[in-house]
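Descriptive structure summary
The chain contents come next:
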Number of protein chains: 2
Amino acid sequence: MRDVAIIGVGMNKKWGELWEMSMRDIFVEAALNAIDNAGVDHIDSMYVGCMSGGLFTGQEHVGAVMADYLGQCPVPATRVESACASGGAAVRAGFMEVASGMSDIVLVSGVEKMNDVSGDEATYALATASDQEWEAFSGVTFPGLYAMMAVAHMHKYGTTIEQLAAVAVKNHANGAMNPRAQYPMKITVDTVLNSVLVADPLHILDCSPITDGAAAAILCPAGRAKQLAKNGAPVKILASTQASDTIAYHSRSDLTSIESTVRAAAAAYKMANKKPDQIDTFEVHDCFTIAELMVMEALGLSEKGKSGPAVQAGQTAIGGRTPINTSGGLKSKGHPVGATGVAQIVEVVEQLRGDSGPRQVKNAKVGLTQNMGGTGASSVVHILEVM
Amino acid sequence: MRDVAIIGVGMNKKWGELWEMSMRDIFVEAALNAIDNAGVDHIDSMYVGCMSGGLFTGQEHVGAVMADYLGQCPVPATRVESACASGGAAVRAGFMEVASGMSDIVLVSGVEKMNDVSGDEATYALATASDQEWEAFSGVTFPGLYAMMAVAHMHKYGTTIEQLAAVAVKNHANGAMNPRAQYPMKITVDTVLNSVLVADPLHILDCSPITDGAAAAILCPAGRAKQLAKNGAPVKILASTQASDTIAYHSRSDLTSIESTVRAAAAAYKMANKKPDQIDTFEVHDCFTIAELMVMEALGLSEKGKSGPAVQAGQTAIGGRTPINTSGGLKSKGHPVGATGVAQIVEVVEQLRGDSGPRQVKNAKVGLTQNMGGTGASSVVHILEVM
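The rules we used
- Within every chain, residues take consecutive numbers counted from 1 along the sequence as written.
- As they are written, the chains are lettered A onward and the ligands numbered 1 onward, keeping that order.
- Only residues with pLDDT of at least 70 get local features here, since the model is predicted, and only at 80 or more are side-chain atom pairs given and counted; chain-wide, interface and lining totals rely on the full set of residues.
- Side-chain measures were taken over the full set of non-hydrogen atoms in the model, leaving aside hydrogen atoms and water.
- Helix and strand labels come from DSSP, where a helix needs a run of H or I of at least four residues and a strand needs a run of E of at least two; each type is numbered from the N terminus.
- Note that the radius of gyration is over C-alpha atoms, with the globule rule given as 2.2 Å times the number of residues to the power 0.38.
- Burial here depends on accessible area, computed with a 1.4 Å probe over protein chains only, as a share of the maximum for the residue type. Under 20% is buried, over 50% is exposed, and the range in between is partly exposed.
- We call two residues contacting when some pair of their heavy atoms lies within 4.5 Å.
- Computed with the Shrake-Rupley method and a 1.4 Å probe, the accessible areas treat only the protein chains shown as cover for residues.
- Note that His is not counted, nor are the chain ends; the positive residues are Lys and Arg, and the negative ones are Asp and Glu.
- Where a charge lies is defined by one atom per residue type: Lys uses NZ, Arg uses CZ, Asp uses CG and Glu uses CD.
- All the domain ranges listed were derived from an automatic or database domain assignment.
- Here's the idea: put two parts together, see how much 1.4 Å probe accessible area each one loses, and the total over both is what we call buried area.
- Between N or O atoms, a polar contact is any pair within 3.5 Å; within protein, one atom must be a potential hydrogen donor and the other a potential acceptor, and residues adjacent in sequence are included only when both atoms are from side chains.
- When residues are grouped by polarity, Ala, Val, Leu, Ile, Met, Phe, Trp, Tyr, Cys and Pro land in nonpolar, Asp, Glu, Lys and Arg in charged, and all others, Gly among them, in polar.
- The copies were overlaid by least squares, fitting only the C-alpha atoms of residues that reach a pLDDT of 70 or more in each copy.
- When a carboxyl oxygen of Asp or Glu is within 4 Å of a side-chain nitrogen of Lys or Arg, the pair counts as a salt bridge.
- Should DSSP find at least two bridges between two strands, the strands are regarded as paired.
- Only the contacting stretch of a helix is used when fitting its axis, a line to C-alpha atoms as for every element, and angles between N-to-C directions run 0 to 180 degrees.
- Any angle from 65 to 115 degrees is called roughly perpendicular, while one under 35 is roughly parallel, one over 145 is roughly antiparallel, and all others are oblique.
- A clockwise turn of the near helix away from the far one marks a right-handed crossing, whereas an anticlockwise turn of less than a right angle marks a left-handed crossing.
- Every helix has an expected span of 1.5 Å times one less than the residues it contains.

**Points about the overall build of chain A**
When helices and strands are tallied, chain A shows 14 helices and eleven strands. Taking 387 residues into account, the globule formula puts the C-alpha radius of gyration at 21 Å, and chain A, at 19 Å, falls close to it. Of all 387 residues assigned to chain A, the portion counted as buried reaches 69%. Within chain A, contacts between residues separated by at least 24 positions form 78% of all contacts whose residues are at least 6 apart in sequence. Accessible surface, chain A: about 11,800 Å² in total, of which carbon and sulfur atoms supply 53%. One way to put it: in chain A the 29 positive side-chain charges average out to a point 9 Å from where the 39 negative ones average out.

As structure tokens, then:
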């Protein structure tokens, strides 16, 4: 298997409600930024993570559309979907294409245009990431599912709503330093607890928003990375792993553990030959505040049930022992579902290059991304190291 | 790049209107048949081609659902989408995963459950494979698009409706010998020409049907294939290629050529080191009869404009020089859009193993599959050889 490196990354100037742009416009802006950042004069192949082009925009065949509007026909262009882990899965597909020797320069990307449908339609579209026959059909939505996860965690470990809120406060503090973030305002624990209750115990400020956005990265063989990279150090992909779990939340043997992340992370640590304490920065899937707590435990960054106090103690802040979501995370930066997994890669690459400005983690050399779909039926983990 | 082989294939007992089965049931039947045919005791990873789980069934996150109901959690499970070429793209993704060394035993599959929505809804869902902003939004549907292709071909080359009908007659003759086919009835040129006109010049018997169905195959490193394969000769994947073209049909420089297939086929012949006349059997994407004619020309099986007379002369019948769609093709076997590209692989593997019964091509050793999405914005080509 050939070693693979990232030589360029890009996003939209700003994520949010991009009324003036269509899905293809959003994609092209991010992809061109990645191509410019890499400084390559062509690509050999491309992948696009997208959760539901069909339900959000009436457009499937997303790979071909994006290849066309990026001016890249006739390169192979394929869409990859694993719900909110679509972006991570697209990165992994590109990783394997380069690792196999099939292609040298591969664009991996993600896009979602979520604001062109009504709130009800968006809620329906997102619910297709759950078990249609046993969850969505019965009317459950994602805030409801993650609220159940929060209640289970509170019941078993004594996690509090203040600890949930502390995740949001930290991520918005980080996002306030990220010009691309959709909601870059600082908030307090009181702001969260006084915001409208969406699904008890989750307030609206425990939830990630509906976002239009895209992100992209350029991959190449690690052996060619230093020669090719024009605008920043190349970053090697030490590990690219993925795992699945039951589609329905009610089928899990432990309602307080995200087993797909536990397994993907264990495989990633082994593949990269790294331990959690050798990793300097983390981007994880905080679709709801409870998710970040459960993911901390799944990644081995805290003991089971101790993630809430760890966040309150500042362990995961910039400057803490294990900084998490320096970008602002899904919570503040936004969550265009198919793009999120790639945007995590963008943030970590910029951190490892020392390009993160006011939110820079000092001496960051190794980073990890964790992207998941549904209530954790899919997880994708990447570990990156600056070359 | 490691060589990759297919050691097992499977489909549903019969494709068609499978009212008593949900999408996951349909998938599991085909996948278990492939696993049983291979005789493997586990898989390391899986891909599911599916065009629009969201619009047809309200279920995205299709990879994870299928891993769960196949009892394969926690293996990585990813859905791949390239419209009607989703199945071919899923095979190619699995090919690269094995070729890279990431995994050894990979299930590649495709599924679509199309009959649980109304005809109007299905027409809308299929139209999402075209350019949403410039084609679908204006009301064009796929029969309309392929009718335009037929008119362009007739105008330029003198192709006739009788030649189009000859494709349907041949494919139904083959499908009549395929117990899995949705419409296994024999028809005549008159049956086609007297059937209802859908979009002039295409009659309903020029069109592939709406189908529920799935197909699957098991891949492994070629070096382990003979040891692993329990129920038939392994088949090596000599080439796996893909190309894109403009999403909108009106953007093409030549309305009578499927350039993505021209390019994918040229790359496949080179990768496999085979010429068209060294290939014994072909499965191609006859979503409409005109498609099969244009694909013959793109694959180099006929001169430009000569494909119609070649079909009438029997060149593509079983026993002809270049047998096409021995399975019955999309026309007679059915076209569950995400599954079609994998079912083509199933048919060719069975042909190369000598397992095709009354529709067996004599001494078939090398076969080719061509799967496309939209009006040809995506094409995937595989060349296979029995080991």
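From this point on, the discussion continues.
**Description of the domain arrangement of chain A**
Frequently, the measure chosen for interface size is the accessible area that the parts lose on association. Residue and element names in this part refer to chain A. What the domain assignment lists for chain A is domain 1 (4-116 + 210-235) and domain 2 (119-209 + 238-386). Relative placement of domain 1 and domain 2: their C-alpha centres are 22 Å apart. Taken together, the 48 residues of domain 1 in the interface contact 45 residues of domain 2. Buried area between domain 1 and domain 2, both sides added, is near 3,500 Å², and the carbon and sulfur share of it is 69%. Remark: the boundary between domain 1 and domain 2 carries 15 residue pairs in polar contact (both at pLDDT 80 or more). Counting only elements with at least two residues in the side of domain 1 that touches domain 2, the list comes to strand 1 (4-11), helix 2 (53-57), helix 4 (86-100), strand 4 (106-112) and strand 7 (213-221). The element best represented in the side of domain 1 that touches domain 2 is helix 4, accounting for seven residues. When grouped by side-chain class, the residues that make up the side of domain 1 that touches domain 2 number 26 nonpolar, 16 polar and six charged.

**A short note on the relation of the copies chain B and chain A**
When chain B is brought onto chain A, the operation consists of a screw motion whose angular component is 180 degrees and whose axial shift is 0.0 Å, with 0.0 Å RMSD remaining. One copy is carried onto the other by what is essentially a two-fold rotation axis. The position closest to the rotation axis in chain B is occupied by the C-alpha of Ser100 of chain B, lying 1.8 Å away. The share of interface residues of chain B whose copies in chain A are also at the interface is 100%, consistent with both copies meeting through the same surface.

**Digging into helix 5 (residues 119-127) of chain B**
Listing the buried residues of helix 5 of chain B in full gives Ala122, Ala125, Leu126 and Ala127 of chain B. Buried residues belonging to helix 5 of chain B abut helix 2 (53-57) and helix 6 (142-157) of chain B.

**Points about the interface of chain B and chain A**
Each side of the interface is counted separately: chain B has 62 residues, and chain A has 62 residues. In total, chain B and chain A occlude about 4,500 Å² of area from one another, counting both sides; carbon and sulfur atoms represent 52% of this. On the chain B side of the interface with chain A, the three residues burying the most area are His61, Glu81 and Met102 of chain B, jointly 15% of the side's total. Counting every contact that joins chain B to chain A gives six salt bridges. Of the charged contacts, one joins Arg79 of chain A and Glu81 of chain B as a salt bridge, the two residues approaching to 3.1 Å between their closest N and O atoms. Across the contact surface, chain B and chain A share 34 residue pairs in polar contact (both at pLDDT 80 or more). Elements with a contribution of two residues or more to the side of chain B that touches chain A: helix 2, helix 3 (62-69), strand 3 (77-81), helix 4 (86-100), strand 8 (235-244) and helix 10 (259-272) of chain B.

**Focus on unusual backbone geometry**
Between Cys73 of chain B and Pro74 of chain B the backbone carries a cis peptide bond, its omega angle lying at 10 degrees. On the secondary structure map, Pro74 of chain B appears in the loop between helix 3 and strand 3. The amide bond that connects Asp200 of chain B to the next residue, Pro201 of chain B, takes the cis arrangement and shows omega of 10 degrees. Position of Pro201 of chain B relative to the elements: it lies in the loop between strand 5 (197-199) and strand 6 (202-203). Positive phi outside glycine occurs at His61 of chain A, with the angle close to 60 degrees.

**A short note on the environment of Glu347 of chain B**
Residues and elements named next belong to chain B. Considering the arrangement of structural elements, one finds Glu347 in helix 14 (residues 340-353). Taking relative accessible area as the criterion, Glu347 reaches 2% and is therefore assigned buried. The sequence separation of Glu347 and Glu283 amounts to 64 residues, and the corresponding C-alpha distance is 7.7 Å. Those residues in contact with Glu347 that sit more than four places away from it in its chain are Asn178, Glu283, Thr326, Ser327, Ser356 and Arg359.

**Side note on the pairing of strand 11 (residues 378-386) of chain A**
Residues and elements named next belong to chain A. Where burial is concerned, most of strand 11 is hidden: eight out of the nine residues are buried. As paired elements, strand 8 (residues 235-244) and strand 11 share nine bridges and run antiparallel to each other. Note that in strand 11 the partner of Thr241 across the bridge is Val381. A loop of four residues connects strand 10 (residues 366-373) with strand 11, the two strands running antiparallel in sequence, and Gly374 in this loop sits at a positive phi of about 65 degrees.

**Some thoughts on the pattern of salt bridges**
Taken as a whole, this structure holds 32 salt bridges over all chains when the rule is applied. Of the charged contacts in the structure, one is a salt bridge between Asp131 of chain B and Arg24 of chain A, with a shortest N-O distance of 3.0 Å. Residue Asp131 of chain B is found in the loop between helix 5 and helix 6, and its partner Arg24 of chain A is found in helix 1 (residues 23-38); the two belong to separate chains. An identical accessibility class is assigned to Asp131 of chain B and Arg24 of chain A; each is buried.

**A look at the pairing of strand 8 of chain B**
Residue and element names in this part refer to chain B. For strand 8, a buried count of nine out of ten residues is recorded, marking the element as mostly surrounded by other parts of the structure. Taken together, the two bridges between strand 1 (residues 4-11) and strand 8 define a ladder with antiparallel strand orientation. Note on strand 8: the bridge partner recorded for Ala5 is Lys236.

**A look at the side chain of Ser109 of chain A**
All names here are of chain A. Within the fold, Ser109 resides in strand 4. Look at Ser109 and you get buried, because its relative accessible area is 0%. In terms of polar contacts, Ser109 uses its side chain to reach the backbone carbonyl oxygen of Tyr47, at 2.8 Å. With residues near it in sequence (within four places) discarded, Ser109 still touches Phe27, Tyr47, Val48, Gly49, Ala90, Ala215, Ala216 and Val342.

**Observations concerning the packing of helix 6 of chain B against helix 11 (residues 289-298) of chain B**
Residue and element names in this part refer to chain B. Between helix 6 and helix 11, the shortest axis-to-axis distance is 9 Å and the interhelical angle comes to 55 degrees. As summarised for this structure, helix 6 and helix 11 are arranged oblique, according to the angle between their axes. When you trace helix 6 past helix 11, the crossing you get is left-handed. Contact with helix 6, carried on its side by Tyr146, Met149, Ala150, His153 and Tyr157, involves Ile290, Ala291, Met294 and Glu297 of helix 11 and no other residues of that element. When the residues that make up the contact of helix 6 with helix 11 are grouped by side-chain class, the tally is seven nonpolar, one polar and one charged.

**Topic: helix 7 (residues 161-175) of chain A**
Working note: α-helix, 3.6 residues per turn, so residues spaced by three or four point in the same direction. All names here are of chain A. Taking 1.5 Å as the rise per residue, helix 7 with 15 residues should run 21 Å; its terminal C-alpha atoms sit 21 Å apart, in good agreement. Extensive coverage of helix 7 is indicated by the burial of eleven of its 15 residues. What helix 7 keeps buried is the set Gln163, Leu164, Ala165, Ala166, Val167, Ala168, Lys170, Asn171, His172, Asn174 and Gly175. Where helix 7 is buried, its residues meet helix 6 (142-157), helix 8 (189-194), strand 6 (202-203), helix 11 (289-298), helix 12 (307-312) and helix 13 (329-333).

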